Structure formats: C-alpha cells, structure tokens
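# Examining the three-dimensional arrangement
So you can see what is in the structure, the chains are spelled out below.
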Amino acid sequence: MTPAPIAVALDAPNLETAARWASLVTPHVSTVKVGLELYLRYGPDVIASVRGASGVQIFLDLKLHDIPNTVAGAVRAVGRLKPAILTVHATGGPAMIEAAVQAAPERTQIAAVTVLTSLSAADLARLGVQGPPDDAVRRLAALAVGAGAQALVCSPREVAAVRAEVGPRITLITPGVRPAGSDTQDQARVATPEAAIADGADLLVIGRPITGSPDPGAAAAGIAAALRRTALSRP
Ligand code: C5P
C-alpha cells in the first residue's frame, strides 16, 4: 500500500526514541521530520538513525536564514544527507531562496516557510509588516515560488489561499493537523487531516497525535487509513 502523505514530526528527547518512533511509523507514512533540536543535539548522524533500512523520506526542518552565500554552503553541507525536503525562511529573500535551490541536490525540494504561525498581526506590525498576516503569507508564497522554491510550509488555515496563489505544481506542507477529537495541545489553528488535504495540502506534518500515542504505529496507521477512505469517497 502507498504510504500516506504524512510527515511525522520526530520531536523526541533523544536519538533512541526518535529512531524507535521512525521505525514504528514508516510502514504507514511517506516521511519523517527532523527538526532543529534533534539535528543540533546529534548532528548529521541522526539522519541515518531515523532513516534506518526503510528508505523513508527525510524532511529536514532547519529553517535556514542567512545571506545567500552562507545558505548555499549550508544547503551543500546537508545535501549529502539527501533530504527529500529542506526548509528555508521565505523572509531571507529571493536571492537567498534561489541560492538554496541552486545548491540543493536534484531530488531535494527547497520548502519556504512563509510566516511563522507563532507571529500575531501585532507582532508582524512591530516587525514592519503591515496589513493582514494572510496578505503577507500570500506575498511571501509568490516570492518564494518566483525564486524557485518547489514547496511551501503554511498553516492549514492558509492552505486554500496559498494554493490559489501558486497553482497546482507546488508542494504544500501543513503543520497544525489534528485528527477529529484529539487534543489540540499548543496548536491554535488546527484542521483535520481530511480537511487539510481537501483544501489543497500535499503533505501533513503530524507530531504528538502520533508520537504521544501509546502505540505510534497504530496511530499512524489509523490516520493513514482515514485519509485513504476520504480519497476513495471523493468523486
Ligand atoms: O506535535 P505537533 O503535531 O504539534 O507537531 C507539529 C510539528 O510541526 C512540530 O515539529 C512543530 O515544530 C512544527 N511546526 C508547527 N507550526 C509551524 C511550523 C512548524 O507546528 N507553523
């Protein structure tokens, strides 16, 4: 069976736990996500540990943001790990995004993060970004795609507008996904996996609803099955 379009966020306290979660979920999901904390604590070896023998795709969420030359060097440095997806901040500007895309291996998609969902409209105004946050998201999405980004990270609340802005060929990745009835934890704006996909998301980032479950493999399998049922019932 094709693994579901889910990236399990391996926000684990240590490498052993991350590797265990990865091995439990990889039969059911396409991708696992390694974030800054795990990568900075254990270094590049973390990738081989979580990949194991499964060949699961790696989403390396380092959110790079620096001058173009430095970001290009960083992308080359992690390029040898062959992540399927590597993140940069869209606010680094078009030259930085272009440099990242140029430096990435052929099979690595550069995904631009538009506006951090932790930023409120008031925060953005203090940073000099005027107008509704949704406008900034759409502007940054168009800018990133214009600079060559093949993927974008946005909240499920924004995904329909971003899809309308950038067209069908760009991979849209959404965190803040919660199966119906599960705890929202600290995610303020959530959507169910089915709704996020219906709105145009291609890859759902899901962490604690899977990794916080007593049986992460079964939790991943359950969400994957629900997505498959929705896909089958769509006309
Ligand atoms: O456990 P949970 O499903 O909330 O995990 C979501 C993952 O997505 C975490 O790794 C979190 O850092 C990441 N993320 C997010 N919201 C964003 C960007 C990334 O929750 N806007």
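These remarks concern the structure in this document. (Residues numbered from 1 in each chain as written. Predicted model: local features only at pLDDT ≥ 70, side-chain atom pairs only at ≥ 80, totals over all residues. Heavy atoms only, no water.)

### Regarding the site of the ligand
Contacts to the ligand come from Ala 9, Asp 11, Lys 33, Thr 117, Pro 175, Arg 178, Gln 187, Val 205, Ile 206, Gly 207, Arg 208 and Pro 209. Between an oxygen atom of the ligand and a main-chain N or O atom of Gly 207, the distance comes to 2.7 Å. Surface burial for the ligand is 81%, taken as the share of its 460 Å² of free accessible area covered by protein chains. When residues of the shell around the ligand are traced back to their parent elements, those giving at least two are β8 (203–206) and α10 (208–211). (Near = heavy atom within 4 Å. Polar contact = N/O pair within 3.5 Å; in protein donor to acceptor, adjacent residues only side chain to side chain. Areas by Shrake-Rupley, 256 points an atom, 1.4 Å probe, with all protein chains shown as cover. Helix = DSSP H or I, 4+ residues; strand = E, 2+ residues; numbered from the N terminus.)

### Describing the pairing of strand β3 (residues 57–64)
The element β3 is extensively covered by neighbouring structure, given that 6 of its 8 residues are classed as buried. Relative to β3, strand β2 (residues 29–35) is paired through 5 bridges, and the arrangement is parallel. Within β3, the position partnered with Val 34 by the bridge is Leu 60. Of the pairings in the sheet, the one linking β3 to strand β4 (residues 85–89) comprises 3 bridges and is parallel in character. In the sheet register, Leu 64 faces β4, and the bridge partner there is Val 88. Traced from β3 through helix α4 (residues 68–79) to β4, the parallel crossover comes out right-handed. (Buried < 20%, exposed > 50% of the residue type's maximum accessible area, 1.4 Å probe, protein only. Pairing = 2+ DSSP bridges. Right-handed = clockwise from strand over helix to strand, strands pointing away.)

### Section: the packing of helix α7 (residues 133–146) against helix α8 (residues 159–166)
Interhelical geometry of α7 versus α8 gives an angle of 40 degrees and a closest axis separation of 10 Å. By the criterion of interaxial angle, the relationship of α7 to α8 is oblique. Here the hand of the crossing between α7 and α8 comes out right-handed. Contacts between α7 and α8 involve Val 137, Arg 138, Ala 141, Ala 142 and Val 145 from the former and Ala 161, Val 162, Glu 165 and Val 166 from the latter. Residues of the contact of α7 with α8, tallied by class, amount to 7 nonpolar, no polar and 2 charged. (Axes fitted to C-alpha atoms, helices over the stretch in contact; angles between N-to-C directions. Parallel < 35°, antiparallel > 145°, perpendicular 65-115°, else oblique. Left-handed = near helix turned anticlockwise from the far one by under 90°. Contact = heavy atoms within 4.5 Å. Nonpolar A, V, L, I, M, F, W, Y, C, P; charged D, E, K, R; others polar.)

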